[in-house]
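Structural overview for review
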Amino acid sequence: MRPPPTSPPAYTEFHPRWYRRHVSTYWWLGQRHYLKFILRELSSVFVAFFVAITLLQLRALRTGPEAYARFQHTMKSPLMIALCLLSLFFLVFHSITWFNLTPRAIAVRMRGKRLPDFMVAAPNYVIWAAISGAVAWVILR
Amino acid sequence: MGKLTIESRKQSQNLRGKRADVADTIILEVARYSPEQDREPRFERFEVPFRKEWVVLDALNYIKDKLDGSLTYRWSCRMGICGSCGVLVNGEPKLSCATFLSSYAGNGSRVRVEPLRYFPVVRDLVTELSDFLAKLKKVKPWLIRKEERLLSQGEFLQTPAQLESYRQFSMCINCTLCYAACPVVGLDPVFVGPAAIALAQRYNLDSRDQGSEARTTLLAHPDGIWGCTFVGECTRVCPKHVDPAGAIQQYKIQSALGWVKALVRPRVRDKEEADAATPH
């Protein structure tokens with residue numbers, strides 16, 4: 001039966017048989033670059049862990065020698081040593097990957113020309129080394 | 001003519017005592033999808049001549065000319081300008097006109113060609129782009145003036161340094177490789193996406209433009225710049241070195257600073273806006 005002349009066109013604006021691919025939950029396992037990105041994101045958890053440990057250490061220091069001895073005892077357990085080593089790896093990974101990305105986010109121009117990437121990234125490493133050196137000097141002197 | 005050339009090439013290789021393990025052909029596995037017949041894409045294998053000067057597009061053209069005329073794909077300029085021949089080559093978003101077969105040659109090598117990820121597939125290697133085009137338009141990619149100048153007032157002058165500040169972001173050819181590389185596009189289809197945001201930033205940084213506030217209202221949003229998690233793949237796959245990831249991160253900083261500025265010194269910002277609106 002012919003439709004009345006006022007009815008909308010019979011075709012659909014969007015083709016019903018376009019193939020739409022499903023994005024797998026594990027999309028990040030397929031490629032090295034995606035895996036690196038996910039590890040970079042995951043490193044934030046270890047950064048948070050490291051911050052929490054540092055705050056607990058400061059609290060123990062403030063409470064007194066006995067509290068600090070208890071803290072040291074806890075930190076000497078194999079589980080905590082393993083966790084701290086893993087955190088250290090992710091902390092270094094976090095720092096390096098983010099420092100290397102700074103030239104993307106900060107476009108520094110001098111005399112009309114953009115500074116090369118390494119000149120934007122390098123100050124991060126210099127400041128990192130300087131602060132680490134200062135902290136090491138305070139602790140180890 | 002092509003056949004003769006291949007034969008003469010084979011002869012010359014034999015004369016030079018070429019090693020037998022270097023193949024004269026290469027296998028292309030091409031994704032095929034016919035909306036009338038297939039429920040999902042399948043791969044079809046084609047054996048094509050291996051020539052060191054051939055790109056993947058040459059191989060696709062060979063298949064269409066000699067082996068299967070029904071193979072459907074987009075292409076136009078053959079020189080990385082038109083941006084229409086983007087495909088996945090062994091899982092990587094590439095322009096098929098700029099990807100040499102020789103990069104994949106070797107013992108047992110195969111080249112797998114698929115349509116770009118995250119776009120609906122219309123047929124074989126052809127993807128549907130209307131959503132991408134709508135996103136491009138959404139960011140108002142044109143010069144916006146608060147008050148239009150009369151033609152009699154002359155052209156807008158721009159120094160080389162002013163041009164340089166946005167030139168990189170103006171090189172985009174809309175090939176959509178960055179969308180196929182961006183997992184956020186796949187996971188969150190409403191995300192405006194790398195090329196469109198880079199294009200917005202191209203106009204924001206243009207000294208002749210006064211529309212950055214209008215664009216920021218649209219893009220300082222979870223579907224805009226804040227949707228980007230800085231995977232950085234868009235920049236890596238961009239064939240024109242546009243650096244969309246850089247554009248988005250710079251836009252984020254600009255937007256955040258604008259927010260802080262408005263919070264701390266609202267009157268100063270109002271005055272700046274009033275000054276910007278005044279015709280020079």
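In the block above lies the structure referred to throughout.
Residues numbered from 1 in each chain as written. Chains lettered and ligands numbered in written order. Predicted model: local features only at pLDDT ≥ 70, side-chain atom pairs only at ≥ 80, totals over all residues. Heavy atoms only, no water.

Looking at helix H10 (residues 244–264) of chain B
Between its first and last C-alpha, H10(B) extends 30 Å over 21 residues, near the 30 Å set by a 1.5 Å rise per residue. Among all positions in H10(B), only B:Pro244, B:Ala245, B:Gly246, B:Ala247, B:Ile248, B:Gln249, B:Gln250, B:Tyr251, B:Lys252 and B:Ser255 are buried. The inward-facing, buried residues of H10(B) abut helix H3 (78–105) and strand S2 (113–114) of chain A together with helix H5 (177–181), helix H7 (194–204), helix H8 (212–219) and helix H9 (233–237) of chain B. (Helix = DSSP H or I, 4+ residues; strand = E, 2+ residues; numbered from the N terminus. Expected span 1.5 Å × (residues − 1). Buried < 20%, exposed > 50% of the residue type's maximum accessible area, 1.4 Å probe, protein only. Contact = heavy atoms within 4.5 Å.)

Describing the pattern of salt bridges
Residue and element names in this part refer to chain B. In total, this model carries 21 salt bridges over all chains according to the counting rule given. Close ionic contact of Glu-233 with Arg-236 constitutes a salt bridge, the shortest N to O distance being 2.8 Å. Of this pair, Glu-233 and Arg-236 are both found in helix H9, 3 residues apart, which corresponds to roughly one turn of the helix. For Glu-233, a relative accessible area of 4% gives the class buried. A relative accessible area of 35% means that Arg-236 is categorised as partly exposed. The structure contains a network of salt bridges with shared partners spanning Arg-32, Asp-38, Arg-42, Glu-44, Asp-68 and Asp-124. (Salt bridge = Lys/Arg side-chain N within 4 Å of Asp/Glu carboxyl O.)

As for the packing of H7(B) against H8(B)
Residue and element names in this part refer to chain B. Packing of H7 against H8 leaves a shortest axis separation of 9 Å and a crossing angle of 155°. Considered as vectors, H7 and H8 are oriented roughly antiparallel to each other. Handedness of the H7/H8 crossing: left-handed. In this structure, H7 contributes Ile-197, Ala-200, Tyr-203 and Asn-204 to the contact, and H8 contributes Ser-212, Arg-215 and Leu-219. The residue makeup of the contact of H7 with H8, split by class, is 4 nonpolar, 2 polar and 1 charged. (Axes fitted to C-alpha atoms, helices over the stretch in contact; angles between N-to-C directions. Parallel < 35°, antiparallel > 145°, perpendicular 65-115°, else oblique. Left-handed = near helix turned anticlockwise from the far one by under 90°. Nonpolar A, V, L, I, M, F, W, Y, C, P; charged D, E, K, R; others polar.)

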